[in-house]
Structure formats: structure tokens, C-alpha cells
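Given next are the chains, with one letter for each unit.
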Amino acid sequence: MAFRPSAAPPRLARVRFQWSATTTSAAWSHTTELPLTLPLSPSDACALELSLHRLLRLPGGFTVFTVRRADEPYAPPLPLLLLHGLLPPEQTLLHVLVLVRPLAQLARPRQLPPPPLRLADLSHSAAAAAELLRRLQRDGTARVCADERLAEATRGAYDAMVRFFTQPAAAKAALHTKCLAAAHNERYAGYSSDAGREWLQLRLRLAAPQAGGGRRTLPQQAPEPFERAFLELRRASSTCLRALAAASGLHAEAFARLTDVDDAPPHPPSEAEGDAGGESDGGPSVLRLYTYKRVDEAGCGCHAHADLGMLTLSPSPVCAEPPHGGAPGLLVYDTERLCWDEAENDLGPDELTVFAGEQLSLLTGGDIPSAIHRVPPPSDAGRFSMPFFVRAHPTARLSGRQSSRDDTHPDALRTPAPDAVMDWLCQDFVLQKLFRCRPWRPSVDQSWRVPDF
Ligand SMILES: O=C(O)CCC(=O)C(=O)O
Ligand SMILES: [Fe+2]
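Every residue gets a number counted from 1 within its own chain, in the order that chain's sequence is written. Written order decides the labels, with chains lettered from A and ligands numbered from 1. Totals for whole chains, interfaces and linings use all residues, but because this is a predicted model, local features are given only for residues with pLDDT of at least 70 and pairs of side-chain atoms are given and counted only at 80 or more. Excluded from the side-chain calculations are hydrogens and water; all other atoms, namely the structure's heavy atoms, are used.

Test applied: UniProt positions are given in the numbering used here, feature names are shortened, and annotations may be inferred rather than shown by experiment.
In the nomenclature of an unreviewed UniProt entry, the protein chain corresponds to Fe2OG dioxygenase domain-containing protein from the organism Prymnesium parvum. UniProt lists a comment for the protein chain under the heading Sequence similarities (unreviewed entry), and it reads "Belongs to the iron/ascorbate-dependent oxidoreductase family."

Put into C-alpha cells, the structure is as follows:
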């Protein structure tokens, strides 16, 4: 399955499963409520799938593929095995909508990715913008070919990564910079690591550079090629966000203005940002320069998750060892075929993989779905990657709209469930939903600590 097994202690929950379906001549909604011990084991999940087939009166040849919380019709649909992650620890009642599909869909062959779109076209061609939108909707990811400036900047940053990561641990750790004065807020720029990777995280400086301090990003002591890659990826992400907004029938600025990818004055200076922790120097979007631990170093890669921001732009990764050839490894979960697809196979050195995070999915009512993805630990030559995560300001208002997508599946959810809240302050959405109702983030317990995001 490749989803991280849950380490949570077993707990009893009541789960209401709802199957709502429409055809041209009829509409129905069947519901059943079951006491369940969560997390489910793989065999519990299989038994539950069979029970639901009977209890929800599904037609022969169809089954429950995935579920999502009823109050989050825009959220990524998840296999039954991950049900535990949708229910915050202190709660016991969960209402989910099931997505029912024909079993035959499991055997559908994968469509190979079409040729990349060109970044240069996305800024002026409505047809290229519409195609980017269509690919994100249909495939979950899209390939985009960088222009020369971006390609040069990412090459320069990859070159500089070798030297950066071979420094002594103390020199790397010295780059860790807190971006907020408040002790309980963990927003940072600089070095960090987990069981699978080490990385350097860059953010835009929001405070005007002091005289003599010319750097636009934090940490200020980061090698200059990293800043260049940050600024070029920021420009590319601004182009993609504009293209997607325009192709969605919105004002071209509708998405970009919620973020820090433009040089317009920063979004609402911050009363509400105060709640999340005080005056910030460091924008919400981040560039992460990763080096992955190999299997033989007990690396575990990057577990399955959906990104929490608006959009992720991930330049073609390279091996950590000379001659630094390509290092494809990103896997994307196809929720319509329940399998992992290799998203970076045959990705050109100057190409990027683009995919949506959950903030954009909320804003579009699920029209642009967030991609569930993971990276297994590399086996021999390692992996450098440098995804750029465009994120909305914590104080931005994220108002989701009803999906207009014409889903031809029999259980198309054309209207959000009645208990769906589609209007969020970004930081509330992130803290209350993305850090509490997702299986891949250990739930924050609404304590005083605000995690880095
Ligand atoms: O290294 C990569 O290519 C992806 C990493 C990733 O998915 C993440 O950090 O959110
Ligand atoms: Fe990710």
C-alpha cells in the first residue's frame, strides 16, 4: 500500500458512510453507521469494503474505492485503510462520503504523460493555460519545460548542493533561523532534517533589506545559487498560478494575490498573523533543497502525503553522486486506479513536475485536486530535489467555490455536503484541517505550538 502505517493506539469510533449518486433519471443517497476500531488493519479494511457493498446497496461490479470527510468535498480521496487519519484524536464521530467506482477501472492502463508544456507559453497563451488546468485535473500532475533563466538557475543550485551538504553538521545547523519572534511558532528558514532527508529551506524576506544587506531570501548566509533558484521558481510559480486562475474563469490574480509570489505589497499585515505567532520575517512560500538518505543509510524517503500549499513546482531531480544524472523517484497516487504512478520517468533535465496542494484544491472546490505523492528512499546514487512550495499567507481568506466539474462517475458530488465549510482563514484551515484530519501529519493537539508551515 505504501502509506505510512499508523502508530496510534486503537480507539473506538462511530463512522457514518454515505453514498450519494445521481444518474440521468434518478438520485439517491444511502447511509450506514458502524462502530469501528481505528486504525483498521489491511484485513479489517477489506472486510469493511465488503460490508459497505452490502449495507450501501452498491451494484454488482462496483466497490468503494476511496472516502473523504463529508465536510471536505474538495479533499483528496483516501483508501479505507487511512480512515483513522480523518478523525482528530479527541473525537469519536466521523461522517464520510464514499466514492464508488467500477472494479474494471483497476485494470485500466496508465496513460503516458503528454509532452511538456512550455513555461514561456503559459504566460501569454490561453490555450497553454487551459491545457495546464486540464492536465492537473485529469492526471494530478503536469510537466512544464523551464525557460533558459530557470533552467540555468536550477542547474547552478544543484551544483552548489554538493558542497553545501558535505559541510560539517554544525555549519549547516548554524543556518537555522526562526522567522517569528513568538516562541510558540515554529516557522523557520534554514537547515533541518527528518528520518529520510536533510534540507535547506529558503523563504522570501518580507522586511525591507537593510542597507548593505542585499539578500532577498532567508537564511541570508545561504549560498547565492540557492537564492537565484528560489527567485526563478517563484517567478515560474507566479506564471502557473495566473495561468490556472485565468483558465478557471477567475481574475488572473485570484490565486497569486493570496501568496508571496509577486512583488506587490505583502498581503494583510497582520493582526491575525499575530494569533499564529507574531511579526513574521519570512514569506509563506518555501524552496526546499533536499538530499535523500539512501536505503543503505536507513533512509525512508518521503511518506505519502498531499502538500498543504497552493502549488508545488519540482525541478527534475538529480543524483547526489557525480555525474549527477537524473534521479526519478516521485510517485503519485492515482485515486481512480488505486496505484502509484512514476511521475518523473523520462523527465527531461530542464523540466518540472507541477502539482496542486490542498489550499488550491479548497479554493477550486476540488476542481484542481491535490496530488497524493511520495518518494521511496533512493538505492545507490542518492537524490537531490528542490521543490518550490507556493503557499498562501496565513492571514489570506481562502473561499472555496462549488465545483463546476462535470464528473461522469455515477457518484459525482456536484454539490458540497451540507456540513461543508468552504470559507477559511488560511491558518485555520491549515491548523484545523491539514494538521488534524490527515493521516500523514501527526495530529497537533491544539496546544500552544504552531508548527512550521
Ligand atoms: O523530493 C521530492 O521530490 C518531493 C518531496 C515532497 O513531496 C515534499 O517535501 O513535500
Ligand atoms: Fe510533497
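1. As for the pairing of strand β11 (residues 286–292)
Definition in use: The cut-offs for exposure are 20% and 50% of the maximum accessible area for each residue type, with area from a 1.4 Å probe on protein chains only; residues under the lower value are buried, those over the upper are exposed, and the others partly exposed. Numbering goes from the N terminus for both helices and strands, where a helix is a DSSP run of H or I of at least four residues and a strand is a run of E of at least two. Note on pairing: DSSP must find at least two bridges between two strands before they are called paired.
Of all 7 residues that make up β11, 7 are buried, and the element is covered over most of its length. Across the two faces of β11 the burial is the same, with V286, R288, Y290 and Y292 and L287, L289 and T291 all buried. In this sheet, β11 lies alongside strand β9 (residues 197–204) in antiparallel orientation, the contact comprising 7 bridges. The residue bridging R197 from the neighbouring strand is Y292, located in β11. Note that β11 and strand β19 (residues 388–390) share 2 bridges and pair antiparallel. If you follow V286 over to β19, its bridge partner there is F389.

2. Considering the packing of aromatic side chains
Filter applied, for reference: For Phe, Tyr and Trp, where Trp contributes only its six-membered ring, two rings pair if their centres lie within 6.5 Å, and the inter-plane angle classes them as stacked under 30 degrees, edge-to-face over 60, or tilted in between. Two limits define a charge over a ring: the Lys NZ or Arg CZ must be within 6 Å of the ring centre, and within 35 degrees of the ring normal.
This structure, assessed with the given rule, holds 12 aromatic pairs. Both rings, one in W199 and one in Y290, keep their centres 5.6 Å apart while their planes meet at 75°; by these two values the pair is edge-to-face. With W199 in strand β9 and Y290 in strand β11, the pair connects residues that are 91 residues apart, well separated along the chain. Judged on exposure class, the residue W199 and its partner Y290 are both buried. Here F230 and F388 contribute two aromatic rings whose centre-to-centre distance is 5.2 Å and whose plane-to-plane angle is 85°, an arrangement assigned as edge-to-face. Here F230 is found in helix α6 (residues 224–247), whereas its partner F388 is found in strand β19, with 158 residues between them in sequence. Note on F230: relative accessible area 0%, which makes it buried. An aromatic cluster is present here, built from F164, F165, F226 and F384 joined pairwise through their rings. Seen from the ring of W340, R374 lies directly overhead, with NZ or CZ sitting 4.5 Å from the centre. The ring of Y292 has R383 lying over it, and the distance from NZ or CZ to the ring centre is 5.4 Å.

3. A word on the coordination of the iron ion (ligand 2)
To keep it simple, the criterion reads: Atoms of type N, O and S within 2.8 Å of a metal are treated as its donors, and for Na, K and Ca the window is 3.2 Å; water is not considered, so some sites may appear to be missing partners.
Looking at the iron ion (ligand 2), the protein donor atoms are H305 (NE2), D307 (OD) and H373 (NE2), and they sit 2.1 Å from it. Each donor residue of the iron ion (ligand 2) belongs to the same chain, and together they define the spacing H-x1-D-x65-H. Highlighted residues: D307 in the loop between β12 (302–306) and β13 (311–315) and H373 in strand β17 (residues 372–375), separated in sequence by 66 residues. Given a relative accessible area of 6%, D307 falls into the buried group.

4. Regarding empty space enclosed by the protein
The line we're drawing: In this analysis the probe radius is 1.4 Å and the grid spacing 1 Å, with only protein atoms considered; a cavity is a set of points the probe fits into but cannot get out of, a pocket is an open set with protein on both sides within 12 Å along at least five of seven lines, and lining residues have an atom within 4 Å of a point. Grid points are joined across faces, edges and corners, and a volume is the space filled by probe spheres set on the points. Throughout this entry, Asp, Glu, Lys and Arg are counted as charged residues, while Ala, Val, Leu, Ile, Met, Phe, Trp, Tyr, Cys and Pro are counted as nonpolar. The remaining residues, Gly among them, count as polar.
For the coordinates displayed, the defined rule picks out 3 cavities of 30 Å³ or more. The calculated volume of the second largest cavity comes to roughly 50 Å³. Here the lining of the second largest cavity is built from residues that sort into 5 nonpolar, no polar and 1 charged.

5. Points about the site of ligand 1
Heads up, the rule is: Whether a residue is near a molecule or strand depends on its heavy atoms: if one lies within 4 Å, it is near. Here a polar contact means two N or O atoms within 3.5 Å. Within protein one must be a hydrogen donor candidate and the other an acceptor candidate, and residues neighboring in sequence count only if both atoms are side-chain atoms. Pocket or cavity membership: a molecule qualifies when more than half of its atoms sit within 2 Å of the grid points of that site.
In the region of ligand 1, the neighbouring residues are R197, Y290, Y292, C302, H305, D307, H373, V375, R383, S385 and F389. One nitrogen or oxygen atom from the side chain of D307 is found 3.1 Å from an oxygen atom belonging to ligand 1. A distance of 2.7 Å separates an oxygen atom of ligand 1 from a polar atom in the side chain of S385. With respect to the pocket detection grid, ligand 1 is positioned in the second largest pocket. Among the secondary structure elements, those contributing two or more residues to the shell around ligand 1 are β11, β12 and β17. When the residues that make up the shell around ligand 1 are grouped by side-chain class, the tally is 5 nonpolar, 3 polar and 3 charged.

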